[in-house]
Amino acid sequence: TGIYQMERSPYYDGVLGLNNDWSRAIFVKHLAVLGMVGIGAIMQFSLIPALDRAALLRQRGKDAPELERLRVRERHLIQLNTALGVFVLICTAAASSL
């Protein structure tokens, strides 16, 4: 996330120092990165195991009505994670242009 570069920047005012546009852009960027980490954790520890269980049930010929709902949730989380990734790049570009 550029923490080393952030500390070397003349615009850096300290942790949670939001006194200029550069600091605010970097702060929002870090929030977006934390959101991406959170989405990754949800997918890794909750959604993917549930998808695996539902797929295994279906493979064994049993009913798995939640499988489609889980796939839709997966698509939404992937889209949200992608949007956050693009937002991180936008924040980086905004901070770099200042």
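Residues numbered from 1 in each chain as written. Predicted model: local features only at pLDDT ≥ 70, side-chain atom pairs only at ≥ 80, totals over all residues. Heavy atoms only, no water.

**Description of the confidence of the model for the protein**
Of all residues in the protein, 98% attain a pLDDT of 70 or more, and the chain-wide mean is 90. Within the protein, the lowest mean pLDDT, 72, falls on helix 1 (residues 3-8), and the highest, 95, falls on helix 3 (residues 67-97). (pLDDT = per-residue confidence, 0-100. Helix = DSSP H or I, 4+ residues; strand = E, 2+ residues; numbered from the N terminus.)

**Here's the deal with helix 3**
For helix 3, which comprises 31 residues, the first-to-last C-alpha distance of 45 Å matches the rise-based estimate of 45 Å (1.5 Å per residue) to within 8%. Three or more residues of helix 3 are buried, namely L67, L70, L77, L84, V88, C91 and A95. Those residues of helix 3 hidden inside the fold are in contact with helix 2 (21-59). (Expected span 1.5 Å × (residues − 1). Buried < 20%, exposed > 50% of the residue type's maximum accessible area, 1.4 Å probe, protein only. Contact = heavy atoms within 4.5 Å.)

**Digging into the layout of surface pockets**
To find the voids left in a structure, one rolls a probe of water-molecule size over its atoms. Taken as a whole, the largest pocket encloses approximately 170 Å³ of empty space. Contributing to the lining of the largest pocket are M6, Y12, G14, V15, L16, G17, L18, W22, S23, I26, F27 and H30. Here the lining of the largest pocket gets 5 residues from one element, more than from any other, and that element is helix 2. (1 Å grid on protein atoms, 1.4 Å probe; cavity = no way out; pocket = protein on both sides within 12 Å on 5 of 7 lines; lining within 4 Å. Points joined across faces, edges and corners; volume = space filled by probe spheres on them.)

**So, the nonpolar core**
Ranked by internal contacts, the top residues of the largest apolar core, which has 14 residues, are L47 and L70. With 8 residues, helix 2 is the single largest residue contributor to this core. Not counting residues up to four positions away in its chain, the partners in contact with L47 are I42, L70, R73, E74 and L77. Counting residues in hydrophobic clusters, the runner-up holds 5 residues, among them M6, W22, A25 and A95. (Core = buried A, V, L, I, M, F, W, Y, C linked by side-chain atoms within 4.5 Å.)

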